[in-house]
Amino acid sequence: MCTLKGRCRRWLGEMPIRFSLRSVALLLLFAILSRSRGITYVVLWFDTEDYIDPIADDAALRIANDLTSVGVHGTFKIVGEKARVLEQRGRADVIQALGRHCIGYHSDWHSVQPVPALVLQHLGLLEGADEFERRQKGGFEDVARIFGVTPACYGQPGVSWAPQSNLALRRMGVHVYLDEGTQVGYGDQPIWFGGLLYVFNLGPYQIRADLDGHEPESEAFRRFDAAVQHLADNGGGLISTVYHPTEMVHTEFWDAVNFAHGDVRSREQWVLPHRRTKDDAERCFRILNAYVEHAKAIPGVEFVTASDLPRIYANPIPPAVSRTELARHFQRGINFLSTRAGDLSAADILLQLLQLPAEYVDGPTQRGTTNYAGPTIPDYLFDATVKDVCSFIQTNRRLPSEVFVGSKTLSLEDFAATLAEHVASPGPIRVKRGKVEFEKYFATDARRAFNWPIHPEGFAPEELLALARLQGWTLKPARLR
Ligand SMILES: [Zn+2]
């Protein structure tokens, strides 16, 4: 401190107006420091799903009121059947209290079979999206009607995730995916994927204070503080915190005791999960409230809801980047690109290489193949291919799985690499093999990624991960405004 002060005094001290200059310098320093320390946003969400035990309704009411009393907004992701039973049980008080917060959607029946990943396992992108919409739209509309708002986000029951849901959700008017899972993720922060803003797979930034004493609260607070420090030092970021109203009042999950491992039973056979004692439930509410108070007290921490997220993240429309730069990027590997001005998914880059207007398009439905054997493609033939690809994309709002070169084909990645080569070095059109890089951001072990006690034993839907990897063309980091 002394050394620095001495040095400053030495060069500032010779100035005739040294005090005002010193003040200006200090102000500038503070301005730079505060600008470089980003805001840490906390999205606090509650999967509100237990429609079996009415005591869970009171738990949701208590949480909503506690948060309201300290001026914090949470996001309550509601199951369709939960909304319906609240209405049937005459719980206008609960509906009203939750309605002061952000409302999301958490599937129609949650754990009643067949659950989403089971239904979508063998379906392609388009028929899967139709089927997801057919099964989920009714519950979505019930939540919207009962709470009087369009749900701001969706998140799958358990880890019953599927890539086809993205297309269906966009059609239903949902633009935020809020949950936790390991099927896809990048950088432990939100991403754009499948045309949605994904809060998913946040690793060390998925934080909560444990309810059952495996870790003292102080340890959760320490992890929270360290995460805030790290995010603030890196321009800001998001912490995701999830609780379930039901876990405040039960020692076991309502669905695990009724629907484990693909079990089915009639409504009359449903059993109640084991309840906590009143004192124990109070202890759980106190831990949640202490966590919220702790987070709220830290400078630079702001609570946000699912409906705030699209406002705090930059618009996903990609910046225009020189085609040569994009072509060189694809020559190194097919992946998203982060530039000073913004981020481009591999699909965004391909559209710019094709000189198409920027818009969101889905990834291909299948893995295409290359059977074009020659080392080069005649200009007239490649021109026709490019024209056809542009027409396909603009008609279907989707990338083709493979493209025709006369009667032969190039896989999408080989076409992209060949096009990039041609843009970077005009001349004879040389066929190149595309090196897809974005697939590394997807899980490879389906059994582990879909491990949930409600899925049938050994459930491992490799097809869903394969389809997800194809949608990796749409993946890119989400950037705070
Ligand atoms: Zn759930």
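To keep things clear, this report deals only with the structure shown in the data block. Just so it is clear, the structure is predicted and the values come from calculations on it, not from any experiment. (Residues numbered from 1 in each chain as written. Predicted model: local features only at pLDDT ≥ 70, side-chain atom pairs only at ≥ 80, totals over all residues. Heavy atoms only, no water.)

Let us look at the overall build of the protein chain. Check the secondary structure of the protein chain and you find 19 helices and 15 strands. Dimensions along the principal axes, computed over C-alpha positions, put the protein chain at roughly 85 × 75 × 35 Å. By residue count, 54% of the 481 residues in the protein chain fall in the buried class. Pairs at least 24 residues apart make up 76% of the contacts formed inside the protein chain by residues separated by at least 6 positions. As displayed, the protein chain has an accessible area near 21300 Å², and 54% of this comes from carbon and sulfur atoms. A distance of 9 Å separates the average location of the 53 positive side-chain charges in the protein chain from that of its 57 negative side-chain charges. (Helix = DSSP H or I, 4+ residues; strand = E, 2+ residues; numbered from the N terminus. Buried < 20%, exposed > 50% of the residue type's maximum accessible area, 1.4 Å probe, protein only. Contact = heavy atoms within 4.5 Å. Areas by Shrake-Rupley, 256 points an atom, 1.4 Å probe, with all protein chains shown as cover. Lys, Arg positive; Asp, Glu negative; His and termini not counted. Charge placed at Lys NZ, Arg CZ, Asp CG, Glu CD.)

Glancing now at the sheet that holds strand β5 (residues 191-193). On the basis of which strands lie adjacent, the open sheet formed by four strands has the order β4-β6-β5-β15 and mixed pairing. Two strands close off the open sheet at either side, each with one partner strand: β4 (176-178) and β15 (476-477). (Pairing = 2+ DSSP bridges.)

Tallying each qualifying case throughout the model produces 25 aromatic pairs. Geometrically, the ring pair formed by F46 and F76 is stacked, given 4.9 Å between the ring centres and 20 degrees between the ring planes. Of this pair, F46 sits in strand β1 (residues 40-48) while F76 sits in strand β2 (residues 75-78), and the two are 30 residues apart along the sequence. Assessed through its relative accessible area of 0%, F46 is described here as buried. The class for F76 is buried, based on a relative accessible area of 0%. A centroid spacing of 5.4 Å and a plane angle of 85 degrees characterise the contact between Y105 and F140, whose relative ring orientation is edge-to-face. One end of the pair, Y105, is in strand β3 (residues 102-105); the other, F140, is in helix α7 (residues 125-147), with 35 residues separating them in the sequence. Taken individually, Y105 and F140 each receive the classification buried, so the pair is uniform in this respect. By way of ring pairs, the aromatic residues Y105, F132, F140, Y154, W161, Y177, F193, Y198, F200 and F442 are connected into one cluster. (Phe/Tyr/Trp six-rings, centres within 6.5 Å; stacked < 30°, edge-to-face > 60°.)

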